[in-house]
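Inside the fold
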Amino acid sequence: MKGKRLVSILLTLTLAFGMVMQVQASSISETQKKGEELQSQKSAAEAEKKELTNQLNTLITEMDQTASDIEAKQDEIAEKEDELIQAQIDENNQYESMKKRIKYMYENGNTQFIEILLESKSIGDFLNNAEYIAQISEYDRNMLTEFQDTVKLVDKQKTALEDEKAELETLQTELQAKQDKLNTLLEEKADEISDLEVAIGENAAKLKALQEAAAEQARLQQEAVTPVTPTPAPQPPITPTPSGNGKLSNPCPSGWVSSYFGGRDSPGGIGSSNHKGQDFAASSGSPIYAAASGTVTTVSYNSARGNYVVVNHGGGLSTLYQHCSAIYVSAGQSVSCGQNIAAVGTTGISTGPHLHFEVWENSTPVDPRYYL
């Protein structure tokens, strides 16, 4: 009787475990499917983000060309203004000369011209002198007309150039609006990707828990039927990643990491470069904080870094903050960790608003991830 009862209990337990395993297998399958869907959504969002970045780079190139065209048009307008000034001077000179001759003729009457005609020695000479006098008056009128026409022409050309410049400035304004819209879309897409990464992580944790629960149920079922010594499941290899020592705090908590330290494609997709820092994409004007206390050693600008700040933290450690739209500290000033020292911008060589953050140890750029 005892043997039959034990067999009955084992069969009942086996049936119960089997039902539990079926439920867990279904949950695992659904969780795996959800993970695949989330990963697919993330890939699609990353592809859209890449396309938006390409559009932004193309737009920035177009804006640079338009700015160059505006500058060239301004130079042309300046040249036309110089021509107009000279034409107005020439017109005025001719007008003054005519007034002097007319005044002289009015004050002295036509006696001089009559004397010239009376001194003629022949009819031919008389006709030549009369024609000479007429040519002087006609010359004055023609020259004045010519100078007036020149003034009108140059002024018309200047007005046309100013209209072209106004059209270019309108285009530049429209392009700036498009850039702002693309930056907003990029920020929204980055938030979407971040949310998907969180969801993927939570789903992966759930899947792991279900798999561990299923493994535990299988082990218990096996022990209930035939006790065995469990063997630990092999663990997947762990890929080491940089782990910060916490010496430095996040200099741009409102942004997201758009590029890490090391080799990467150059901005605009032209060639590759050794990226000497870590980029934090953020809205223009977002606060930039000192990553640690120290002394500001440099506040400057150059064509590549744009507006930038250097803070010395002592012990051979320094941090650099580049592409700022505004800087709130000066060289020689002491700053504390977390102090707002600048604002995110896109000055210098930049494809959009972001903070390029560098960490130097003994004058050599190092990966910021080891310090954050």
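Cut-offs applied
Residues numbered from 1 in each chain as written. Predicted model: local features only at pLDDT ≥ 70, side-chain atom pairs only at ≥ 80, totals over all residues. Heavy atoms only, no water. Helix = DSSP H or I, 4+ residues; strand = E, 2+ residues; numbered from the N terminus. Buried < 20%, exposed > 50% of the residue type's maximum accessible area, 1.4 Å probe, protein only. Contact = heavy atoms within 4.5 Å. Areas by Shrake-Rupley, 256 points an atom, 1.4 Å probe, with all protein chains shown as cover. Phe/Tyr/Trp six-rings, centres within 6.5 Å; stacked < 30°, edge-to-face > 60°. Pairing = 2+ DSSP bridges. pLDDT = per-residue confidence, 0-100. Polar contact = N/O pair within 3.5 Å; in protein donor to acceptor, adjacent residues only side chain to side chain. Salt bridge = Lys/Arg side-chain N within 4 Å of Asp/Glu carboxyl O. Core = buried A, V, L, I, M, F, W, Y, C linked by side-chain atoms within 4.5 Å. Patch = residues over 30% accessible without salt bridge, like charges linked within 9 Å, V, L, I, M, F, W, Y side chains within 5 Å. Lys, Arg positive; Asp, Glu negative; His and termini not counted. Charge placed at Lys NZ, Arg CZ, Asp CG, Glu CD.

A tally of regular secondary structure across the protein gives three helices and 13 strands. Counting the 372 residues in the protein, one finds 28% classified as buried. For the protein, contacts bridging at least 24 residues in sequence account for 70% of all contacts bridging at least 6. For the protein, the computed accessible surface area is about 23,300 Å², with 54% contributed by carbon and sulfur atoms.

Let us look at the packing of aromatic side chains. Applying the stated rule across the entire model yields two aromatic pairs. With centroids separated by 6.4 Å and ring planes inclined at 65°, the aromatic side chains of F280 and F357 adopt a geometry described as edge-to-face. In this pair, F280 is assigned in strand β4 (residues 278–281) and F357 in strand β12 (residues 354–361), connecting sequence segments 77 residues apart. Residue F280 shares its accessibility class with F357, and that shared class is buried. Taking 5.4 Å as the distance between ring centres and 50° as the angle between the ring planes, the aromatic pair formed by Y321 and F357 counts as tilted.

Bringing the sheet that holds strand β9 (residues 326–327) into the picture now. Read across the open sheet, the three strands follow the order β5-β11-β9; overall the sheet is antiparallel. Two strands in the sheet have a free side with no partner beyond their single neighbour: β5 (287–289) and β9.

Turning our eyes to something else, we now look at the pairing of strand β11 (residues 340–343). Both β5 and β11 contribute to a ladder of three bridges, which runs antiparallel. Bridge pairing in β11 places Y289 opposite N340. One ladder, built from two bridges, connects β9 with β11; its direction is antiparallel. Its bridge partner being in β11, I327 is matched across the sheet by A342.

Further remarks concern the confidence of the model for the protein. Per-residue confidence for the protein gives a mean pLDDT of 80, with 73% of residues at or over 70. A low-confidence stretch, residues 268–272 (pLDDT under 50), is modelled with six contacts involving residues beyond four sequence positions or located in other chains.

What follows is about the side chain of S259. Relative to the elements of secondary structure, S259 occurs in strand β1 (residues 256–259). At 3.4 Å, the side chain of S259 and the side chain of H275 are in polar contact.

What follows is about the pattern of salt bridges. Between side chains of opposite charge, a pair can form as their charged atoms come close. Following the criterion strictly, the structure yields 10 salt bridges and no others. We note a salt bridge from K158 to E162, for which the minimum N-O separation is 2.9 Å. Of the two residues, K158 and E162 both sit in helix α3 (residues 123–225), four residues apart, roughly one turn of that helix. The class of K158 is buried, set by a relative accessible area of 15%. Salt bridges linked by common partners bring K42, E46 and E197 together as one network.

Moving on to the environment of E146. Tracing the chain through its elements places E146 in helix α3. As a C-alpha pair, E146 and E91 span 55 residues in sequence and 8.4 Å in three-dimensional space.

Core analysis: the largest hydrophobic core is formed by 24 residues, its most contacted members being L248, I288, Y321, I341 and F357. Elements supplying a minimum of two residues to this core: β7 (306–314), β8 (317–324), β11 and β12. Dropping the residues within four chain positions of it, F357 is found in contact with L248, P251, G277, Q278, F280, A291, T319, L320, Y321, P368 and L372. If you look at the next biggest cluster of nonpolar residues, it comprises eight residues, including L56, L59, I60 and L175.

A separate point is the side chain of H313. Relative to the helices and strands, H313 is located in strand β7. Given the relative accessible area of 18%, H313 is considered buried. For H313, the side chain forms a polar contact with the side chain of T319, separated by 2.7 Å. In this view, H313 contacts A292, S293, G294, S318, T319 and Y321; residues no more than four positions away in its chain are not counted.

Bringing a negative patch on the surface into the picture now. Together, E71, D75, E79, E81 and D82 make up a negatively charged patch on the protein surface. Structurally, E81 is set in helix α1 (residues 2–108). Residue classification places E81 among the partly exposed positions, given a relative accessible area of 33%.

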